[in-house]
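One letter stands for each residue in the lines below.
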Amino acid sequence: MKTKRILLGLLLSIGLFTVSCSSDDNEGETIVPIQGKYNLSQTGTIVDGKEVLIDAPQNASGCKKDYLDLRISNAAVIGDYNGSDCALTETTGTYARSHNDLTISVGNVSTTADIMNLTNKELKIKDKTTGIITVYTR
């Protein structure tokens, strides 16, 4: 009888723990790790309350897509393919994530963006100053 009470108490505790740790406790913040290499896919803005996105014009025709590589060391590597030979230029800076804000710093220039969506396949950010939306895919 005592074993049944302990088992019942344990099951109730697990149930309460599961409910108390539900996904709505993170106040909208995604728990997917942000580290990884993302290919530049689309850019755009919000017009009349709707997102308007186009294929990223920054990607040089015939070349691999430009990318953003956010490393575990908090290094941010921006890859840019350009020219007829698709020459790669990499710029290295740092990044910091605070809740749903992503700040990327290169030299003395820092930009902060809202993380609009972060999944295993997509990172969508909106620049807090310009309002420009950038979509990266993995």
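See the structure above.
Everything in this summary refers to the structure shown in the same document. What you see is a predicted model; the values in this text were computed from it and never measured. (Residues numbered from 1 in each chain as written. Predicted model: local features only at pLDDT ≥ 70, side-chain atom pairs only at ≥ 80, totals over all residues. Heavy atoms only, no water.)

## Observations regarding the overall build of the chain
And step 1. Looking only at helices and strands, the chain has one helix and nine strands in total.
And step 2. Going residue by residue from the N terminus, the α and β elements of the chain occur as α-β-β-β-β-β-β-β-β-β.
And step 3. Looking at the chain as a whole, 29% of its 138 residues qualify as buried.
And step 4. When contacts within the chain are restricted to residue pairs at least 6 apart in sequence, those whose partners lie at least 24 apart make up 38%.
And step 5. Of the roughly 9,300 Å² of accessible surface on the chain, 56% is carried by carbon and sulfur atoms. (Helix = DSSP H or I, 4+ residues; strand = E, 2+ residues; numbered from the N terminus. Buried < 20%, exposed > 50% of the residue type's maximum accessible area, 1.4 Å probe, protein only. Contact = heavy atoms within 4.5 Å. Areas by Shrake-Rupley, 256 points an atom, 1.4 Å probe, with all protein chains shown as cover.)

## A few points about unusual backbone geometry
And step 1. Positive phi values are uncommon outside glycine, yet Asp-48 reaches one of about 50°.
And step 2. Assignment of secondary structure puts Asp-48 in the loop between strand S1 (36-47) and strand S2 (50-55).
And step 3. Using a relative accessible area of 78% as the deciding quantity, one classes Asp-48 as exposed.
And step 4. Its identity as a non-glycine residue notwithstanding, Cys-86 has a phi of 55°, on the positive side.

## A short note on the nonpolar core
And step 1. In terms of nonpolar packing, the biggest core is built from 17 residues, with Ile-34, Leu-70, Leu-102 and Leu-123 touching the most fellow members.
And step 2. At the level of secondary structure, the elements contributing two or more residues to this core comprise S1, strand S3 (67-70), strand S6 (101-106), strand S7 (109-118) and strand S8 (122-127).
And step 3. At three residues, S7 tops the list of elements feeding residues into this core.
And step 4. Residues Ala-60, Cys-63, Val-77 and Tyr-81 belong to the second largest nonpolar core, which totals five residues. (Core = buried A, V, L, I, M, F, W, Y, C linked by side-chain atoms within 4.5 Å.)

## Topic: the layout of surface pockets
And step 1. When its volume is computed, the largest pocket comes out at roughly 470 Å³.
And step 2. As for the largest pocket, its lining consists of 23 residues, of which Ile-104, Thr-111, Ile-125, Thr-134 and Tyr-136 are closest to the centre.
And step 3. Listing elements by their share of the lining of the largest pocket, those giving two or more residues are S1, S3, strand S4 (75-82), S6, S7, S8 and strand S9 (133-137).
And step 4. The greatest single-element share of the lining of the largest pocket, amounting to four residues, is contributed by S7.
And step 5. For the lining of the largest pocket, the per-class residue count stands at twelve nonpolar, seven polar and four charged. (1 Å grid on protein atoms, 1.4 Å probe; cavity = no way out; pocket = protein on both sides within 12 Å on 5 of 7 lines; lining within 4 Å. Points joined across faces, edges and corners; volume = space filled by probe spheres on them. Nonpolar A, V, L, I, M, F, W, Y, C, P; charged D, E, K, R; others polar.)

## Structural notes on the side chain of Thr-134
And step 1. Summarising the element assignment, Thr-134 is placed in strand S9.
And step 2. When neighbours within four sequence positions are excluded, Thr-134 is seen to be in contact with Leu-40, Gln-42, Thr-43, Leu-123, Lys-124 and Ile-125.

## Topic: the pattern of salt bridges
And step 1. Throughout the structure, instances matching the rule amount to four salt bridges.
And step 2. With its nearest N and O atoms 3.1 Å apart, the salt bridge here joins Arg-71 to Asp-69.
And step 3. Looking at Arg-71, the relative accessible area reads 38%, which means it is partly exposed.
And step 4. Asp-114 is the salt-bridge partner of Lys-128, the closest N and O atoms lying 3.0 Å from each other. Residue Lys-128 is located in the loop between S8 and S9, and its partner Asp-114 is located in strand S7; the two are separated by 14 residues in the primary sequence. (Salt bridge = Lys/Arg side-chain N within 4 Å of Asp/Glu carboxyl O.)

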